[in-house]
2 protein chains.
Amino acid sequence: MTYENFNVEELTPPSAFTGSKLPIDDVRIEDFEVFGKVILLLFSWQELTLDIDLRFPTSLDASGSDAMNPAGDYSATHVQLKTNTDLKGHGISFTIGRGNDLCTSAARQIAERLVGKTLGELTKNMGATWRFLVADSQLRWVGPEKGVTHLGLSACVNALWDLWGRYLNKPIWKLVCDMTPEEVVACIDFRYILDAITPDEAVTILKEQAKTKPARFEDAQKSEAVPAYSTQAGWLGFSDERMIELINSNLSDGIDKFKLKVGGNLEDDIRRVQIARDTIGYDRTMMLDANQVWSVPEAIEYMKKLVKFKPLFIEEPTSPDDILGHAAIRKALSPYGVGVATGEHCQNRVIFKQLLQAGSIDYCQIDACRLGGVNEVLSVLLMAKRFNVPIVPHSGGIGLNEYTQHLALLNYICISGEKSLLEHINSFSEVLKYPVQTKNGFFITPWEAGYSVEYKPEAIVTYEYPNGSFWQSEQGLAIRDGPKL
Amino acid sequence: MTYENFNVEELTPPSAFTGSKLPIDDVRIEDFEVFGKVILLLFSWQELTLDIDLRFPTSLDASGSDAMNPAGDYSATHVQLKTNTDLKGHGISFTIGRGNDLCTSAARQIAERLVGKTLGELTKNMGATWRFLVADSQLRWVGPEKGVTHLGLSACVNALWDLWGRYLNKPIWKLVCDMTPEEVVACIDFRYILDAITPDEAVTILKEQAKTKPARFEDAQKSEAVPAYSTQAGWLGFSDERMIELINSNLSDGIDKFKLKVGGNLEDDIRRVQIARDTIGYDRTMMLDANQVWSVPEAIEYMKKLVKFKPLFIEEPTSPDDILGHAAIRKALSPYGVGVATGEHCQNRVIFKQLLQAGSIDYCQIDACRLGGVNEVLSVLLMAKRFNVPIVPHSGGIGLNEYTQHLALLNYICISGEKSLLEHINSFSEVLKYPVQTKNGFFITPWEAGYSVEYKPEAIVTYEYPNGSFWQSEQGLAIRDGPKL
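Residues numbered from 1 in each chain as written. Chains lettered and ligands numbered in written order. Predicted model: local features only at pLDDT ≥ 70, side-chain atom pairs only at ≥ 80, totals over all residues. Heavy atoms only, no water.

Details of the packing of aromatic side chains
The full count for this structure, using the stated rule, is 16 aromatic pairs over all chains. Ring plane angle 90° and centroid distance 5.6 Å describe the contact between Trp141(A) and Phe94(B), whose orientation is recorded as edge-to-face. In this pair, Trp141(A) is assigned in the loop between α4 (137-140) and α5 (147-168) and Phe94(B) in strand β3 (residues 88-96), connecting two distinct chains. A relative accessible area of 5% places Trp141(A) in the buried class. Through pairs of rings, three or more aromatic residues link up here, namely Trp173(A), Phe217(A) and Trp447(A). We note Arg113(B) situated over the ring of Phe132(B); from NZ or CZ to the ring centre the distance is 4.1 Å. (Phe/Tyr/Trp six-rings, centres within 6.5 Å; stacked < 30°, edge-to-face > 60°. Helix = DSSP H or I, 4+ residues; strand = E, 2+ residues; numbered from the N terminus. Buried < 20%, exposed > 50% of the residue type's maximum accessible area, 1.4 Å probe, protein only. Lys NZ or Arg CZ within 6 Å of the ring centre and 35° of its normal.)

See the structure below:
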């Protein structure tokens, strides 16, 4: 990849992008650190053997509770790539609780393969770099390209993109938007997707969009590119009163689109959704999310009881692996005007390819960590454009929303050309150095260099478990021995 | 589950099945051990931090080499369930090299959830026990039900079945064959497969087969139930001379069906397959295996160059996740009389369900470890019967063949009613206490209690790395610093 194309004049950002003065081949990855951090704890309190263990007392409420995950310690596998310069690459993969132990081990094995290489050789052909990282046959065997090993991969790949962005002093969304079509396509490994999209077809899509890119970049500058919706009112564990209160506070903040968790109990769901719809009003967008609890026939039967509340879509009605099952559910619900969405647990580009080929989904919910980092996300965004399916990224985790704002922006500006809804979640965003922000129902465009996920030092001092100041306080000591899974 | 149905008179085995005198609720799992064992090492020699590290000097040949795995340390995650009695349950999950580190960690987390429970409560409703093990939301999040966490699960589930078999003093195949249809179905978690098969439909299939079970049991007693085919002549790294020599030695042993690895290089493949076919003769069965190297269009184009050699099927032509891709390849190759097979990397029952629903495969290649143990295998065998697709289990690993002989037997006797080919691999089988054996082209029916995977102590003394007698020998020292991946 050449750098002439990163023409900072072409699209004018608020601040000039100077980038690093160092030749890119003089920036060498010399070491890495992998941390597993528990950064949102609900009901379970088992010890974790991690370098740093950050815990927040959200067991005091029920944020994050859904039909499949009653007790989700929100965690992150955090990779830091260290170089021979003061540049560092920060990457995370979002997980839950003990599962994070496995992902940090995987990330450690994968990060080792980057040590000693220069940023220049790694970014010259990003598609080849990505293929190199997934082709390690000893890790591939226990996947391939899915689950623990793929989550570990994304923490490393996201850290590499973050390092690249910091070197160029550009946010990731702009780094991609400034690439030529050929440069974007060079970031993608097309193995297993050639029957859905070829490199040439991808270049054609990008060239077509390039013509109208500047107008959409202006939307980004005005922070009117990415409309937000909220999930935070609709957690399954919330009381009706709390749900109503949160819907109203979102409305007064200018966010008027909402998603509710369902799938626990039909009568409760009918009551909650009725109350929510009455509060939101039928003229605004409401979505539902079942988190995979149903088999296909159960999903259809259950949802027929909820269609009268006019949800835009039902998210994760069944197993994320079930391409044909989602197609059957979509066929059964489309007469009622209810769409089908999935993706936060879709393991890789091969599953997304088939969801699109089979007409299984109305909305494609890419995840910034479940997929193997930015490279694989780009391949799914291009396939979604090819099949004319809008994306609605998954942001349900600490740090995910900071990633997805970049993906929604670059998708709008250089791939799809159309604005798409983005899930807004900011609980505990104060632990992040650059948390997402919204204004008038839109995300405020991020301009800091890199991929926007970095933690504040003071968060560690307060919440490190068990020595952080919170955990030594009376309140902290009182809830430390909460129920174990 | 009741035990009256284990009527030892009903089907007469060579030796009487006395079983344990202890009430099943007095057998309590009190502890467990998880070992990661490297039991076949090819080209890479990195240190592994495992309890026991067994290594065999097969870097001296190239067994196990294929188009995707040039350097596969054959490994196993080995779980031992210890009880308050002298009964122990042994289970393994087959992996490769460093990937085993991740699977042993997963198995440790899963095995912990069995401690303190009795064999009675765990086997009373095996379907519920299996659901309990996969429903741990903190591990489920990093799957769900696939890859590292599912491989760790199968080592634990297989150990539980082994313990159950030893308690009843029955081999696993007979334990299942002695169950009533309702008892078999009670072992299965039907979540996500109800659109393909219901519990009632499964019972109907089993009842129909029960009528003719005794005749097939007689085949098992005569060791004429499971015909064998060999993969061992066809590893990609073998010379033409060695391939010919191994084909001929198999023929003289009575094994006249063969599978060859392809996908490395078209000209080499054409030469190797031509030589193999000439040696085998066109009147005998030959199969090909590409180990996932191709995209869908590449698979079709490449295979059209090989159809003239009349293979029975092409195995793993593309990604194991690609249900629609396999259907497209099958459609393109069926005019040439070449079938499509896959399964050794199919992550769970949801993928198998769709491969069957979409008509993607001619042969269903279940794996005893990739799927979550015996319970999930039973669900796939029943779906395969429902869709009239024969099974050809994957045995390509040390210990796998010892498992698949049980699965092929129980499938023939009580589920499919038809004999199916079983892959025969016995390299390094001398490390096992009860290795598979063949006679006149059939597997010799195993009668030892349990699931047949247990290692000999003398194997450890000889091959433990780096202190085993082999590794301290001149030859061992000479190859210890072989190439690293």
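Some thoughts on the interface of chain B and chain A
Each partner contributes residues to the interface: chain B has 66 residues there, and chain A has 66 residues. Carbon and sulfur atoms supply 55% of the area buried between chain B and chain A, which totals about 5,200 Å² over both sides. Inspection of the chain B/chain A interface yields 6 salt bridges. The salt bridge involving Arg98(B) is made with Asp136(A); its shortest N-O contact spans 2.7 Å. The interface formed by chain B and chain A includes 36 residue pairs in polar contact (both at pLDDT 80 or more). (Contact = heavy atoms within 4.5 Å. Buried area = accessible area lost by both parts, 1.4 Å probe. Salt bridge = Lys/Arg side-chain N within 4 Å of Asp/Glu carboxyl O. Polar contact = N/O pair within 3.5 Å; in protein donor to acceptor, adjacent residues only side chain to side chain.)

Describing the packing of helix α14 (residues 349-357) of chain B against helix α15 (residues 374-386) of chain B
The description of two packed helices rests on the angle between their axes and on the distance between the axes. Residues and elements named next belong to chain B. Viewed as axis vectors pointing N to C, α14 and α15 meet at an angle of 5°, and their least axial separation amounts to 10 Å. With respect to α15, the element α14 is oriented roughly parallel. Residues Arg 349, Phe 352, Lys 353 and Leu 356 of α14 touch α15, and the partners they reach there are Glu 376, Ser 379, Val 380, Met 383 and Ala 384. Class assignment for the residues of the contact of α14 with α15 results in 5 nonpolar, 1 polar and 3 charged. (Axes fitted to C-alpha atoms, helices over the stretch in contact; angles between N-to-C directions. Parallel < 35°, antiparallel > 145°, perpendicular 65-115°, else oblique. Nonpolar A, V, L, I, M, F, W, Y, C, P; charged D, E, K, R; others polar.)

Description of unusual backbone geometry
Geometrically, the link from Gly143(A) to Pro144(A) is a cis peptide bond, its omega value of -10° lying close to zero. Mapping Pro144(A) onto the fold places it in the loop between α4 and α5. The phi angle at Asn291(A) is positive, at roughly 50°, despite the residue not being glycine. By the secondary structure assignment, Asn291(A) is in the loop between β6 (286-289) and α12 (296-304). Of the residues examined, Asn291(A) reaches a relative accessible area of 2% and is grouped as buried. The backbone of Glu316(B) sits at a positive phi, close to 45°, despite the residue not being glycine. Take Glu316(B): its relative accessible area is 0%, and that puts it in the buried class.

Focus: the sheet that holds strand β10 (residues 422-424) of chain A
Residue and element names in this part refer to chain A. One open sheet accounts for 7 strands, arranged β9-β8-β7-β6-β5-β4-β10; its pairing is parallel. The open sheet has two free edges, formed respectively by β9 (363-364) and β10, since each of these has just one partner strand. One ladder, built from 3 bridges, connects strand β4 (residues 228-234) with β10; its direction is parallel. The residue bridging Tyr 229 from the neighbouring strand is Glu 423, located in β10. (Pairing = 2+ DSSP bridges.)

Focus on the pattern of salt bridges
Residues and elements named next belong to chain B. For the structure shown, the criterion picks out 52 salt bridges over all chains. A salt bridge links Lys 257 to Asp 256; the nearest nitrogen and oxygen atoms lie 3.1 Å apart. Lys 257 sits in the partly exposed class, given a relative accessible area of 22%. Residue classification places Asp 256 among the partly exposed positions, given a relative accessible area of 27%.

Quick word on the relation of the copies chain B and chain A
Between chain B and chain A, which share one sequence, the superposing operator has a rotation angle of 180° and an axial displacement of 0.0 Å; the RMSD is 0.1 Å. Look at the turn and shift together and you get a two-fold axis relating the two. Mapped onto chain A, 100% of the interface residues of chain B are again interface residues, and the two copies thus contact each other with one and the same surface. (Least-squares fit on C-alpha atoms with pLDDT ≥ 70 in both.)

Quick notes on the confidence of the model for chain A
All names here are of chain A. The share of residues in chain A with pLDDT of 70 or more is 85%, and the mean pLDDT across the chain is 87. For the stretch residues 481-485, pLDDT sits under 50, and the model shows 12 contacts to residues farther than four places along the chain or on other chains. Reported confidences for the modelled complex are a pTM of 0.91 and an ipTM of 0.90. (pLDDT = per-residue confidence, 0-100.)

Remarks on the packing of helix α9 (residues 213-221) of chain B against helix α16 (residues 400-415) of chain B
Residues and elements named next belong to chain B. At a minimum axis distance of 8 Å, the contact between α9 and α16 shows a crossing angle of 155°. Of the possible angle classes, the one that applies to α9 and α16 is roughly antiparallel. Together, Lys 213, Arg 216, Phe 217, Asp 219 and Ala 220 of α9 and Leu 409, Tyr 412, Ile 413 and Cys 414 of α16 make up the contact between the two elements. Along the lines of polarity and charge, the residues of the contact of α9 with α16 split into 6 nonpolar, no polar and 3 charged.

With respect to the pairing of strand β8 (residues 339-342) of chain A
For a regular strand, the rule is simple: side chains alternate between the two faces of the sheet. All names here are of chain A. Every second residue of β8 is oriented toward a common face, with Gly 339 and Ala 341 on one face and Val 340 and Thr 342 on the other, all of them buried. Examined bridge by bridge, strand β7 (residues 313-315) and β8 share 3 bridges and lie parallel to one another. Bridging across to β8, Glu 315 finds its partner in Ala 341. Each parallel crossover has a hand, and for β7 linked through helix α13 (residues 323-333) to β8 it is right-handed. As for the winding sense of the linkage, the β-α-β connection from β8 through helix α14 (residues 349-357) to β9 is right-handed. (Right-handed = clockwise from strand over helix to strand, strands pointing away.)

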